[in-house]
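# Tertiary structure, described
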Number of protein chains: 2
Amino acid sequence: MHSEGVASRSADPRDSRESRNGTPHLDAVSLAIIEQLQEDGRRPYAAIGKAVGLSEAAVRQRVQKLLDQGVMQIVAVTDPLTVGFRRQAMVGVNVEGSLDPVAEALTAMSEVEYVVMTAGSFDILAEVVCEDDDHLLDVINKRIRALPGVRSTESFVYLKLKKQTYMWGTR
Amino acid sequence: MHSEGVASRSADPRDSRESRNGTPHLDAVSLAIIEQLQEDGRRPYAAIGKAVGLSEAAVRQRVQKLLDQGVMQIVAVTDPLTVGFRRQAMVGVNVEGSLDPVAEALTAMSEVEYVVMTAGSFDILAEVVCEDDDHLLDVINKRIRALPGVRSTESFVYLKLKKQTYMWGTR
DNA sequence: GATCCTTGCTGCGAAATCCGCAAGTTCCTG
DNA sequence: CAGGAACTTGCGGATTTCGCAGCAAGGATC
């Protein structure tokens, strides 16, 4: 009952509650704004406002807030291959002891694009982006396996990237 | 000798050659433009031009071409959790027969964000983004495992996303 | 080597957008 | 009821975007 439509005047951008990790919930209007910017990160505020039923100024304020809160970022994304990174791999890591130090160390590596803790036969999955085979080998064998707490790793070298989307909420 | 500096007038944006898959190579200036837009996808062309040593119009043309060619896209990216997708998983898939049909089928699913063919103990890795446990269960057990050619799957449910970057080339 | 053609860059107005601000309204909360 | 938050409308001025004409460099052709 707190939002009878996308253009409802009483919609609260933060939707009162907060989720467990402290990140704010988003109402339908902010979702719609994000979807607009997922289609085109440079779309003008007025056009977004027309699409979601808000004034240009309001959209501007919302976008700024979403960016400040870190809920969303507007960036250029590329196919790594095109930009000169020819070897990528997903690395499954098994850890003994606490996961956090290992995850932190992985996060600190510039070659590591993606770090996620998982349930399953790996404790951590990390995506590595490298310039060539030597570089990849170096990162996996010399740096990741050398981290204290790392019991074992398994690598999945990328052969072909088939899909890469950034369209959460746009379906 | 075809590029003695970032601001060189004779730098060829396509760098003459093409890579094996037909995607054009990028010269240093285009790389620099991409880096600027990776920091802020809405940065004005004039500011980028100042940073990379090009006129505003030239930057505009280059960016447009990069977008048209599909080398880069400017989009809003979010943490899926914040946008209401509470369950994510990486799914390793083993296939009997040819990989392509399976990869295509995965690519066609809206819940699948990421599909990559790999070397290693999985043939394909797919990242799945779902709203809740039921949704995730449905996608993995009913839809992915049901695909013809899928021999087995193994799931890694995400517990915590530690890092997510889009900064290829920005190091 | 002269010519043609393509590509990329510059420079420049005109149009559109962004940005900050102020006043007024509505709704919710303490 | 007072206070706060969010939105709207309206407004200029600064900035940015956009389209176009002109020019220079490089390659291809004859």
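Refer to the structure above for everything that follows.
Residues numbered from 1 in each chain as written. Chains lettered and ligands numbered in written order. Predicted model: local features only at pLDDT ≥ 70, side-chain atom pairs only at ≥ 80, totals over all residues. Heavy atoms only, no water.

Another point: the overall build of chain A. On a plain count of helices and strands, chain A comes out with five helices and five strands. Its helices and strands taken in sequence order, chain A reads α-α-α-β-β-α-β-β-α-β from the N to the C terminus. For chain A, with 171 residues in total, the buried portion stands at 46%. Residue pairs in contact within chain A that sit at least 24 positions apart in sequence constitute 58% of those at least 6 positions apart. Summed over its atoms, the accessible surface of chain A is roughly 8200 Å², and 49% of this surface lies on carbon and sulfur atoms. (Helix = DSSP H or I, 4+ residues; strand = E, 2+ residues; numbered from the N terminus. Buried < 20%, exposed > 50% of the residue type's maximum accessible area, 1.4 Å probe, protein only. Contact = heavy atoms within 4.5 Å. Areas by Shrake-Rupley, 256 points an atom, 1.4 Å probe, with all protein chains shown as cover.)

Right, let's get into the pairing of strand E4 (residues 124-130) of chain A. Residue and element names in this part refer to chain A. Most of E4 sits out of view: seven of its seven residues are buried. Neither face of E4 is open: one carries Ile124, Ala126, Val128 and Cys130, the other Leu125, Glu127 and Val129, and all of them are buried. Strand direction decides the pairing type here: strand E2 (residues 87-95) and E4, joined by seven bridges, are antiparallel. When the sheet's bridge partners are listed, valine 93 is paired in E4 with isoleucine 124. The pairing of strand E3 (residues 112-119) with E4 spans five bridges and is antiparallel. Counterpart to methionine 117 in the pairing with E4 is isoleucine 124. The turn linking E3 back onto E4 is made up of four residues, and glycine 120 within it adopts a positive phi angle of 140°. (Pairing = 2+ DSSP bridges.)

Of the transformation superimposing chain A on chain B, the axial component is 0.0 Å and the angular component is 180°, with the fit at an RMSD of 0.1 Å. Look at the turn and shift together and you get a two-fold axis relating the two. The fraction of interface residues of chain A whose copies in chain B are also interface residues reaches 100%, indicating that both copies meet through the same surface. (Least-squares fit on C-alpha atoms with pLDDT ≥ 70 in both.)

Quick look at the pattern of salt bridges now. All names here are of chain A. Scanning all chains against the criterion turns up 18 salt bridges over all chains. Glutamate 111 is paired through a salt bridge with arginine 143; the nearest N and O atoms lie 2.7 Å apart. A residue pair is termed long-range when its members are at least 10 positions apart, and glutamate 111 in the loop between helix H4 (99-108) and E3 and arginine 143 in helix H5 (residues 133-144) qualify at 32 residues. According to the relative accessible area criterion, glutamate 111 is buried, its value standing at 9%. Under the relative-accessibility criterion, arginine 143 is labelled partly exposed at 31%. In this structure, aspartate 138 engages lysine 142 in a salt bridge whose closest nitrogen and oxygen atoms are separated by 3.8 Å. Highlighted residues: aspartate 138 and lysine 142, both in helix H5, separated by four residues, approximately one helical turn. (Salt bridge = Lys/Arg side-chain N within 4 Å of Asp/Glu carboxyl O.)

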